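Spelled out, the chains give:
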Amino acid sequence: MRRKLAAGNWKMNGTRAAFAEAKALIAAHPAPRCQILLCPPATLIAAMAEIAEGSPLLVGGQDCHADAAGAHTGDISAAMLAEAGAGFVILGHSERRADHAERDEDVRRKADAALAAGLVAIVCVGETEAERDAGSELDVVGRQLAGSVPDGATGADVVIAYEPVWAIGTGRTPTAEQIAAMHRFLRETLVARFGEDGHAFRLLYGGSVKPGNARSIFAIPDVDGALVGGASLKAEDFKPIVAALEDCADRE
Ligand code: 13P
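Here is a short report on the structure shown in this document. These numbers were taken from a predicted model, which means no experiment stands behind them.

1. Notes on the sheet that holds strand β7 (residues 202–206)
Then comes step 1: Here we have eight strands rolled up into a closed barrel, ordered β1-β2-β3-β4-β5-β6-β7-β8, and parallel in their pairing. Each adjacent strand pair in this sheet contributes to an overall mean axis angle of 25°, direction not counted.
Then comes step 2: In this sheet, strand β6 (residues 158–162) lies alongside strand β5 (residues 120–125) in parallel orientation, the contact comprising five bridges. In the strand pairing of β6, V123 is matched with I160.
Then comes step 3: The strands touched by helix α7 (residues 137–148) are β5 and β6; relative to β5, the strand with the most contacts, the crossing angle is about 155°.

2. Re the pattern of salt bridges
Then comes step 1: Under the criterion given, the structure shown has 22 salt bridges.
Then comes step 2: The salt bridge involving E105 is made with R103; its shortest N-O contact spans 3.8 Å.
Then comes step 3: Note on R103: relative accessible area 46%, which makes it partly exposed.
Then comes step 4: Among the salt bridges present, the one from R215 reaches D247, with a minimum N-O distance of 2.7 Å. Of this pair, R215 sits in helix α9 (residues 211–218) while D247 sits in helix α10 (residues 235–251), placing them 32 residues apart in sequence.
Then comes step 5: Take R215: its relative accessible area is 46%, and that puts it in the partly exposed class.
Then comes step 6: The exposure class assigned to D247 is partly exposed, which follows from its relative accessible area of 27%.
Then comes step 7: Salt bridges linked by common partners bring R2, R187, D222 and D224 together as one network.

3. Comments concerning α10
Then comes step 1: In this model, α10 (17 residues) spans 24 Å end to end at C-alpha, consistent with the 24 Å of a helix rising 1.5 Å per residue.
Then comes step 2: Looking at α10, one finds that the buried residues are A235, F238, I241, V242, A244, L245, E246, C248 and A249.

4. What about helix α1 (residues 19–28)?
Then comes step 1: The set of residues buried in α1 consists of F19, A22, L25 and I26. Seen end-on, α1 carries its buried residues on one side only, within an arc spanning 120°.
Then comes step 2: For α1, the elements touching its buried residues are β2 (35–39), α2 (42–52), β3 (57–61) and α10.

5. Some thoughts on the site of the ligand
Then comes step 1: Neighbouring residues of the ligand: 13 residues in total, closest K11, H93, G169, S208 and G230.
Then comes step 2: E163 is positioned with one of its side-chain polar atoms (N or O) 2.9 Å from an oxygen atom of the ligand.
Then comes step 3: For the ligand, an oxygen atom lies 2.6 Å from a polar atom in the backbone of G169.
Then comes step 4: The fraction of the free accessible surface of the ligand (310 Å²) that becomes covered by protein chains is 96%.
Then comes step 5: For the shell around the ligand, the class distribution of residues is four nonpolar, seven polar and two charged.

6. Points about the environment of K11
Then comes step 1: Structurally, the position occupied by K11 is in the loop between β1 (5–9) and α1.
Then comes step 2: Here the alpha-carbon distance between K11 and G60, two residues 49 residues apart in the chain, equals 11 Å.
Then comes step 3: Not counting residues within four places of it along the chain, the set of residues in contact with K11 comprises C39, P41, Q62, H93, E95, I168 and G229.
Then comes step 4: At 2.8 Å, the side chain of K11 forms a polar contact with the side chain of E95.

7. Observations regarding the nonpolar core
Then comes step 1: I160, L186, F218 and F238 are the most contacted members of the largest nonpolar core, which totals 66 residues.
Then comes step 2: Counting 13 residues, the second-largest nonpolar core is a separate cluster that includes A7, C39, I90 and V159.

About the thresholds
- Residues numbered from 1 in each chain as written.
- Predicted model: local features only at pLDDT ≥ 70, side-chain atom pairs only at ≥ 80, totals over all residues.
- Heavy atoms only, no water.
- Pairing = 2+ DSSP bridges.
- Helix = DSSP H or I, 4+ residues; strand = E, 2+ residues; numbered from the N terminus.
- Axes fitted to C-alpha atoms, helices over the stretch in contact; angles between N-to-C directions.
- Contact = heavy atoms within 4.5 Å.
- Salt bridge = Lys/Arg side-chain N within 4 Å of Asp/Glu carboxyl O.
- Buried < 20%, exposed > 50% of the residue type's maximum accessible area, 1.4 Å probe, protein only.
- Expected span 1.5 Å × (residues − 1).
- Arc of directions from axis to C-beta.
- Near = heavy atom within 4 Å.
- Polar contact = N/O pair within 3.5 Å; in protein donor to acceptor, adjacent residues only side chain to side chain.
- Areas by Shrake-Rupley, 256 points an atom, 1.4 Å probe, with all protein chains shown as cover.
- Nonpolar A, V, L, I, M, F, W, Y, C, P; charged D, E, K, R; others polar.
- Core = buried A, V, L, I, M, F, W, Y, C linked by side-chain atoms within 4.5 Å.

That is the geometry; function is a separate question.
Given below as structure tokens:
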């Protein structure tokens, strides 16, 4: 049984004023039937972890360095995230792949570091619109998955997020058939590589998940939750998404 996960990626948004949103989320879901995770900017992680203490809200980072320490100005190690109170870290998001030229092998090294620090790594994969138009989305995502997920990964410490680049922040989402086909492919690929444990990896969908479409996305086979950007910033938007996922968890 895979635990459902509603994950919010705040990206470069939020100051301490946004803690009101985290508090409202906790108040609305004191005993959720799924996991709820917020990944705020690094500056907010420690204080958000204090707010979340004793509540079901989980806190994560949005990136980490592959090395444990050293001369890497501006970077943060996985152990530093863990010490700040993070239990998760998003890795290989398409914005980092684009803005910081992160390659699959970089993401894999970061994931190794995250696992060594006891974090759960949320490894992101996803094709561009041109790649989908060319019909190469399975090739692209298959390559990203093979290159970005470390050999030591298990379903307990790595989550895969499928985020088609063209659906991020655009209000566009793939059809249910397109999401189903990709998640089926991810599952088959993980089982081929990790054997039975391949069934234990949670597969999140990400890209313009909103209150209005969450329920239908969560009904798709092999969708174990969502990685939500814009709609995770306001509790009023994220709460119905969490509620929709809880309803799926109920039915199982
Ligand atoms: P949006 O939900 O804003 O489309 O962002 C998705 C995303 O990139 C989450 O990591």
